Amino acid sequence: MKRKYFIHTFGCQQNIADSERIAAYCEAAGMEKAHSLEGANYVVVTTCMIRESAENRVYGMVNNLIPLKQKKLQSNEEFTIVITGCMTGMAVRDKTGKMMKELHRRMPAADQFIPLEEIGFELAPLRQDTKTALIPITHGCNNFCTFCVVPFTRGREISRPFDAIVEEAMSAYMKGFRKVLLLGQNVNSYGSDIVLAGKKQQELKPVYVKHLGKHRIPTLFPHLLAEVAKIGFEEVSFMSSNPWDFSDELIDTIAQYGNITRTFHLAVQSGDDAVLKRMNRWYTAQEYIDLVGRIKAKMPESHVTTDIIVGFCGETDEEFQNTVKMCKKIQFDKAYISIYSNRRGTHAYKHLADDIPHTVKDKRWKQLDKIVNKQYYKKEQHV
Ligand code: SF4
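Cut-offs applied
- Residues numbered from 1 in each chain as written.
- Predicted model: local features only at pLDDT ≥ 70, side-chain atom pairs only at ≥ 80, totals over all residues.
- Heavy atoms only, no water.
- Helix = DSSP H or I, 4+ residues; strand = E, 2+ residues; numbered from the N terminus.
- Rg over C-alpha atoms; globule rule 2.2 N^0.38 Å.
- Buried < 20%, exposed > 50% of the residue type's maximum accessible area, 1.4 Å probe, protein only.
- Contact = heavy atoms within 4.5 Å.
- 1 Å grid on protein atoms, 1.4 Å probe; cavity = no way out; pocket = protein on both sides within 12 Å on 5 of 7 lines; lining within 4 Å.
- Points joined across faces, edges and corners; volume = space filled by probe spheres on them.
- Nonpolar A, V, L, I, M, F, W, Y, C, P; charged D, E, K, R; others polar.
- Axes fitted to C-alpha atoms, helices over the stretch in contact; angles between N-to-C directions.
- Parallel < 35°, antiparallel > 145°, perpendicular 65-115°, else oblique.
- Left-handed = near helix turned anticlockwise from the far one by under 90°.
- Pairing = 2+ DSSP bridges.
- Near = heavy atom within 4 Å.
- Salt bridge = Lys/Arg side-chain N within 4 Å of Asp/Glu carboxyl O.

Caption draft 1: The arrangement of the overall build of the protein chain in detail. If you tally the helices and strands in the protein chain, you get 15 helices and 15 strands. The globule rule puts the C-alpha radius of gyration for 383 residues at 21 Å, and the 22 Å found for the protein chain is close to it. For the protein chain, the spread of C-alpha atoms along the three principal axes comes to 65 × 50 × 50 Å. The buried share of the protein chain, taken over its 383 residues, is 52%. The long-range share in the protein chain, meaning contacts at least 24 apart out of those at least 6 apart in sequence, stands at 78%.

Caption draft 2: Quick look at the layout of surface pockets. In this structure, the second largest pocket occupies an estimated 340 Å³ of space. For the lining of the second largest pocket, the elements supplying multiple residues, two or more each, are strand E10 (207–211), helix H10 (248–256) and helix H12 (285–298). For the lining of the second largest pocket, the residue count by class is nine nonpolar, two polar and six charged.

Caption draft 3: The arrangement of the packing of helix H7 (residues 162–174) against helix H9 (residues 221–230) in detail. At a minimum axis separation of 10 Å, H7 and H9 run at an interaxial angle of 25°. Compared by their axis directions, H7 and H9 come out roughly parallel. The handedness of the crossing between H7 and H9 is right-handed. On H9, the residues touching Phe162, Ile165, Val166 and Ala169 of H7 are His223, Leu224, Glu227 and Val228. Its residues placed into classes, the contact of H7 with H9 shows six nonpolar, one polar and one charged.

Caption draft 4: How the structure looks around the sheet that holds strand E14 (residues 303–310). Spatially, three strands are ordered E13-E14-E15 in an open sheet, and the strand pairing comes out parallel. The sheet is open, and its two borders are formed by strand E13 (263–265) and strand E15 (334–339), each paired with just one other strand. For this sheet, the mean angle separating the axes of adjacent strands, direction not counted, is 15°. The sheet contact formed by E14 and E15 spans six bridges and is parallel. Across the sheet, Thr305 pairs through a bridge with Lys334, a residue of E15.

Caption draft 5: Spotlight on unusual backbone geometry. Ser240 follows Met239 through a cis peptide bond whose omega is -5°. Along the polypeptide, Ser240 turns up in the loop between strand E12 (235–239) and H10. The backbone phi angle of Phe144 is positive, close to 50°, even though this residue is not glycine. Following the sequence through the fold, Phe144 ends up in the loop between strand E7 (138–139) and helix H6 (150–153). Unusually for a residue other than glycine, Asn280 sits at a positive phi of about 60°. One can find Asn280 in the loop between helix H11 (273–278) and H12.

Caption draft 6: A look at the environment of Leu181. For Leu181, the location among the structural elements is in strand E9 (residues 179–183). On a C-alpha basis, the gap between Leu181 and Ser237 in space is 4.8 Å, while along the polypeptide they are 56 residues apart. Beyond its immediate sequence surroundings of up to four residues, Leu181 is in contact with Gln13, Thr132, Ala133, Leu134, Ile135, Ser237, Phe238 and Met239.

Caption draft 7: Highlighting the site of the ligand. Inspection of the region around the ligand gives Cys141, Asn143, Phe144, Cys145, Phe147, Cys148, Val150, Pro151, Gln185, Asn242 and Arg281 as its neighbouring residues. Looking at the shell around the ligand, its residues break down into seven nonpolar, three polar and one charged.

Caption draft 8: Just the pattern of salt bridges, in detail. In total, this model carries 22 salt bridges according to the counting rule given. Across the salt bridge formed by Arg21 and Glu168, the nearest N and O atoms sit 2.9 Å from each other. Placement of Arg21 in helix H1 (residues 13–28) and of Glu168 in helix H7 is noted, with a sequence separation of 147 residues between them. Overall, Arg21 belongs to the buried group, its relative accessible area being 4%. Using a relative accessible area of 11% as the deciding quantity, one classes Glu168 as buried. Here Glu319 ties to Arg278 by a salt bridge, and the two come within 2.9 Å at their closest N and O atoms. A residue pair is termed long-range when its members are at least 10 positions apart, and Glu319 in helix H13 (residues 317–330) and Arg278 in helix H11 qualify at 41 residues. Through salt bridges with shared partners, a single ionic network connects Glu55, Glu102, Arg106, Arg343 and Arg344.

Listed below in structure tokens is the structure:
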């Protein structure tokens, strides 16, 4: 009898893309897809730990599998639970071994912890979405925003080879996909590692992203985006895109191709300079406002969405009001607002006090949501 796999994915689109590759790996190993957990005997859980609530949902889901596992084992059936994704990534990078011990303790039913790095890109993904092809272009992040676990869960930024990405996009197009979403923790820095390692990439001239008048990083992202746009997709989009690496060359490239998205998700996180500094975000509120201005000047039809954290370590009322002011000024089309939660391993966890009472965080969340998303909700109700 064939082994049957079932994949449960928590978290972002990057995780969904990872699960599509895991599915390809399972099928290459001779397994077939189960349509329910009950019908499976090889369960893979792609985990997320961006917030404590996400982590707790993983523990809850895996522990809920215990009765099913016991039932299967009593009937002499195989039932293997594999944990991968961000939680495993963080645990294998933790040299003290404490995190791995904790994962074993909190998910006693788990049989294996396999880091994503072992999955690789050799196999074509088994795509779940029939319209949009998700294509990872980088893995990991070098930015170390003080609140974020990603550099610890996914490691340093590694770019996939330029040609491999274009080939994957071409193959998705030939299979009938008309939309493509290029994924990375910071797509704007795509290719920095390739250029810095001195590897030539089709004689492409790297774009040097400037920050405060200085060259920050070289990137090949505008070239990659143009190459993918030329394939002929109806829509080419990308995420995530860091405001401080969003170059003028990138704006020009997008403006040049009508099939590249005009909806830009640019996480601002705060509208206050001191908070941005504590978050290790490399821009000021004014620089962010100027960037949005440059995008809208070139492409007036653009929409801008964002992420904001309220109640970050030490956020005063005045600092929060600066975020409110910025939101009123920019009038985001949508903001994903989250209440700050302390994530272990991060700089903020180790060095900054999570000192804003939950009642204050909650009040700020409600106030900002009302201001920023009011318009969005109105639009939604009329759809
Ligand atoms: S750039 Fe994004 S993924 Fe990287 S550390 Fe900052 S918030 Fe996390």
